[in-house]
Amino acid sequence: MKGLKFKRRTVEEWLLGTPAIEGAVLYEDDSLTDGERRMLILFTEEETSYHCLRLPEEMGNLVQVQLSLDRLKAAPFRYEDRDLVHWLRKGELLKDSCQTVSEWRGQLDACAGLMKDKLLLTEFCRFYRHYLRSKQELEQQQLLDSFENLLQALHHWARLAVVEEGHYPDRSVWEQVRKENVGVFKLYEELTASAESLLKRIQLVLLASDFCVVSKLSGSSAYLLKLLESRDEPWGLQELDTELGGAGLTDELVLLLNQLEKKALIKEVLTPFDEELAVMERKFFRSLDQNMERLQTPATFL
């Protein structure tokens, strides 16, 4: 990187002398006009290992970001970490003691197997939540709020479409989805740039979203359904979120689980949350008398 020759050597020497740091990525943020913002992202076993880490001044102007390796693994499924994922994918790898970062990058680039299944589920969950909110707000004649949530739903639908094609969503997902799924991009244009009234635009895109829910519920929920049938004991929401890498999707999962229960694909059981039995916890398991074909029947939708 321009102007960093001596400072880079200083950073690399410091990393070699700090064995507790298992990985480091250097990213230069070219979105700023001065081009001087450089981030050094450090990985340790525990996020608090270097809570007050002081970098040598001769390293130059660096913004330090500290992460645990567990946080690294969870980042692809956390929507709020999409910038972090971009930095880690595009930055320069300075240290990778256990090849953890390299393997992580490879999984994102391939976007297949378990990584793809989890991403399909997390993006569909977020799409579904904003879609339901938009419908509710339309019924309450709150058009601007309905528009805002529908725009968010389309954004996650776009990310979902990119994952379906075997790619990890970029920050600039609309440029990406224009190439991967022109249909979703046309819906975005319909909602944001059509000459129709705001009400008509919302109604048309919500109609398309209805069919999206019906057609994609099966494939997008496949990982969740497999998880629910992987053991005899029912699963709680926190357990499911942990299995998703701490994606923070408990609210979204409730909505999806409710829909899957309506389809008779899963069952709910109430278990005691305290000794007095005053509070019961909802848990879920895979229904034995499921009928997968019902997922594809629009007549049973909602």
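Treat the numbers as computed from the prediction; the structure is a model and nothing was measured.

S.K.: Explain the overall build of the protein to me, please; I cannot follow it from the model alone.
M.R.: Scanning the protein from terminus to terminus reveals twelve helices and six strands. Of the contacts made within the protein by residues no fewer than 6 positions apart, 60% connect residues no fewer than 24 positions apart. Surface accessibility of the protein: about 15,600 Å² in total, with carbon and sulfur atoms responsible for 50%.

S.K.: Got a minute to help me understand the packing of aromatic side chains in this structure?
M.R.: We describe a pair of aromatic rings using the distance from one ring centre to the other and the angle between the two ring planes. Going through the model one piece at a time under the given rule, you end up with nine aromatic pairs. Ring plane angle 45° and centroid distance 5.9 Å describe the contact between phenylalanine 124 and phenylalanine 127, whose orientation is recorded as tilted. Residue phenylalanine 124 and its partner phenylalanine 127 are located together in helix 5 (residues 113-139), separated by three residues, close to a single helical turn. With respect to class, phenylalanine 124 is no different from phenylalanine 127; both count as buried. Centre to centre, the rings of tyrosine 128 and tyrosine 131 are 6.0 Å apart; their planes meet at 25°, and the pair counts as stacked. Of the two residues, tyrosine 128 and tyrosine 131 both sit in helix 5, three residues apart, roughly one turn of that helix. Among the residues examined, tyrosine 128 registers a relative accessible area of 2% and is labelled buried. Members of the aromatic cluster, joined through ring pairs, are Phe124, Phe127, Tyr128, Tyr131 and Trp157. Over the ring of tyrosine 79 we find arginine 82; its NZ or CZ atom is 3.9 Å from the centre of that ring.

S.K.: Even after reading the chapter, I still don't get the layout of surface pockets, so can you show me in this structure?
M.R.: A water-sized probe rolled over the atoms picks out the places where empty space is left. One number sums up the size of the largest pocket: a volume of about 210 Å³. Contributing to the lining of the largest pocket are Lys73, Pro76, Phe77, Thr100, Glu103, Trp104, Gln107, Leu114, Met115, Lys118 and Gly245. Within the residue set of the lining of the largest pocket, elements represented by two or more residues are helix 4 (100-110) and helix 5. Looking at the lining of the largest pocket element by element, the count peaks at four residues for helix 4.

S.K.: How do you make sense of the pattern of salt bridges when you look at a structure like this?
M.R.: When the charged atoms of two side chains with opposite charge come close together, those side chains can pair. A complete count under the given rule lists 18 salt bridges for this structure. Salt bridges here are not isolated pairs; linked through shared partners, they connect Arg71, Arg78, Glu80 and Asp81.

S.K.: Got a minute to help me understand the packing of helix 6 (residues 143-164) against helix 8 (residues 182-193) in this structure?
M.R.: Relative placement of two packed helices is described by the angle separating their axes and the distance separating the axes. With their axes 10 Å apart at the nearest point, helix 6 and helix 8 run at an angle of 165° to one another. Between helix 6 and helix 8, the interaxial angle falls into the category roughly antiparallel. Crossing of helix 6 against helix 8: the hand is left-handed. Along the contact surface, helix 6 presents Phe147, Leu150, Leu151, Leu154, Trp157, Ala158 and Ala161, while helix 8 presents Val184, Leu187, Tyr188, Leu191 and Thr192. Grouping the amino acids of the contact of helix 6 with helix 8 by side-chain chemistry returns eleven nonpolar, one polar and no charged.

S.K.: I'm lost on the environment of glutamate 233 in this one. Help?
M.R.: Secondary-structure assignment places glutamate 233 in the loop between helix 10 (222-228) and helix 11 (237-243). For the pair glutamate 233 and phenylalanine 284, spaced 51 residues apart in sequence, the C-alpha to C-alpha distance is 8.7 Å.

S.K.: I tried to follow the nonpolar core on my own but got confused; where do I start?
M.R.: Counting 69 residues, the largest nonpolar core has Phe43 and Leu224 as its most contacted members. Every residue in contact with phenylalanine 43, bar those within four places of it in the chain, is listed here: Ala20, Ile21, Glu22, Gly23, Ala24, Val25, Leu67, Ser68, Leu69, Leu72, Leu88 and Val101.

S.K.: What exactly am I supposed to notice about the pairing of strand 1 (residues 23-28) here?
M.R.: On any regular strand, side chains alternate: one points to one face of the sheet, the next to the other face. Counting buried positions along strand 1 yields five of six residues, so the element is predominantly enclosed. Here six bridges tie strand 1 to strand 2 (residues 38-44), and the two strands are oriented antiparallel to one another. Residue pairing for strand 2: glycine 23 is matched across the bridge by phenylalanine 43. Summarising the sheet, strand 1 and strand 4 (residues 92-96) pair through four bridges and their orientation is antiparallel. The residue bridging valine 25 from the neighbouring strand is leucine 93, located in strand 4.

S.K.: Would you mind going over unusual backbone geometry with me for this structure?
M.R.: The bulk of non-glycine residues show a negative phi, and the bulk of peptide bonds are trans. Of note, cysteine 111 is a non-glycine position whose phi angle comes to about 45°, a positive value. Residue position: cysteine 111 is located in the loop between helix 4 and helix 5. For glutamine 141, which is not glycine, the phi torsion reads 60° and is therefore positive.

S.K.: Honestly, helix 5 in this entry has me stumped. Any pointers?
M.R.: Helical geometry note: an α-helix holds 3.6 residues per turn, so side chains three or four residues apart project in the same direction. End to end, helix 5 covers 39 Å across 27 residues, agreeing with the expected 39 Å (1.5 Å per residue, within 8%). Remark: glutamine 141 follows helix 5 within two positions and exhibits a positive phi of approximately 60°.

Procedures and definitions
Residues numbered from 1 in each chain as written. Predicted model: local features only at pLDDT ≥ 70, side-chain atom pairs only at ≥ 80, totals over all residues. Heavy atoms only, no water. Helix = DSSP H or I, 4+ residues; strand = E, 2+ residues; numbered from the N terminus. Contact = heavy atoms within 4.5 Å. Areas by Shrake-Rupley, 256 points an atom, 1.4 Å probe, with all protein chains shown as cover. Phe/Tyr/Trp six-rings, centres within 6.5 Å; stacked < 30°, edge-to-face > 60°. Buried < 20%, exposed > 50% of the residue type's maximum accessible area, 1.4 Å probe, protein only. Lys NZ or Arg CZ within 6 Å of the ring centre and 35° of its normal. 1 Å grid on protein atoms, 1.4 Å probe; cavity = no way out; pocket = protein on both sides within 12 Å on 5 of 7 lines; lining within 4 Å. Points joined across faces, edges and corners; volume = space filled by probe spheres on them. Salt bridge = Lys/Arg side-chain N within 4 Å of Asp/Glu carboxyl O. Axes fitted to C-alpha atoms, helices over the stretch in contact; angles between N-to-C directions. Parallel < 35°, antiparallel > 145°, perpendicular 65-115°, else oblique. Left-handed = near helix turned anticlockwise from the far one by under 90°. Nonpolar A, V, L, I, M, F, W, Y, C, P; charged D, E, K, R; others polar. Core = buried A, V, L, I, M, F, W, Y, C linked by side-chain atoms within 4.5 Å. Pairing = 2+ DSSP bridges. Expected span 1.5 Å × (residues − 1).

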